[in-house]
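Close look at the chain arrangement
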Amino acid sequence: MKNKILFTIFFLFIGTNINAQKADLISGKWIFKKALNKEVDEAGMAFMKAEVIDKWKFVFKPNGEFETYMMREKATGKWKLSSDSKNIILTGIEGGLKEFKILKSSKDELILKLGLGEFLLKKILE
């Protein structure tokens, strides 16, 4: 019984530690740089270049708050990683809860699936 408890505590600690490390990678300022969907039509790509690419920014703060800037609008709320660290969950924004799937994360690149779109974000170093 004692071994089961220690085993469970050990895995909870490891899971929490991995989640915290992933959150550290995501914290920072990010800008959308490229749409990765191959099936986006010409009109959709024109809209992305005009309104999203190099314009839509996210700031994920270490305290769990975020800011986003798109189409000259600012929105704020809370962010957290899902328990398996595969999604970023945003709350407190218009339209309710948003969940973005993390396809790739590194110290300077983040690939997110937002609805039907897949986007490459680059970290802004200031």
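Note that this is a predicted model, so its numbers are computed, not measured. (Residues numbered from 1 in each chain as written. Predicted model: local features only at pLDDT ≥ 70, side-chain atom pairs only at ≥ 80, totals over all residues. Heavy atoms only, no water.)

1. Here we look at the pattern of salt bridges
Going through the model one piece at a time under the given rule, you end up with 6 salt bridges. Taking the shortest distance from any N to any O, the salt bridge between Lys 78 and Glu 65 comes out at 3.7 Å. Here Lys 78 is found in strand E4 (residues 73–81), whereas its partner Glu 65 is found in strand E3 (residues 65–70), with 13 residues between them in sequence. Here Glu 109 and Lys 104 are joined by a salt bridge, their closest N and O atoms 2.9 Å apart. Connected via shared salt-bridge partners are Lys 104, Glu 109 and Lys 122. (Salt bridge = Lys/Arg side-chain N within 4 Å of Asp/Glu carboxyl O. Helix = DSSP H or I, 4+ residues; strand = E, 2+ residues; numbered from the N terminus.)

2. Some remarks on the pairing of strand E2 (residues 57–60)
Two faces, one strand: in a regular strand the side chains alternate between the faces of the sheet. Sheet topology places strand E1 (residues 28–35) next to E2; 4 bridges connect them, and they run antiparallel. Bridge pairing in E2 links Ile 31 to Lys 57. Examined bridge by bridge, E2 and E3 share 4 bridges and lie antiparallel to one another. What sits directly across from Phe 58, in E3, is Thr 68. In this antiparallel pair of consecutive strands, E2 and E3, the connection spans 4 residues, and Gly 64 shows a positive phi of 90 degrees. (Pairing = 2+ DSSP bridges.)

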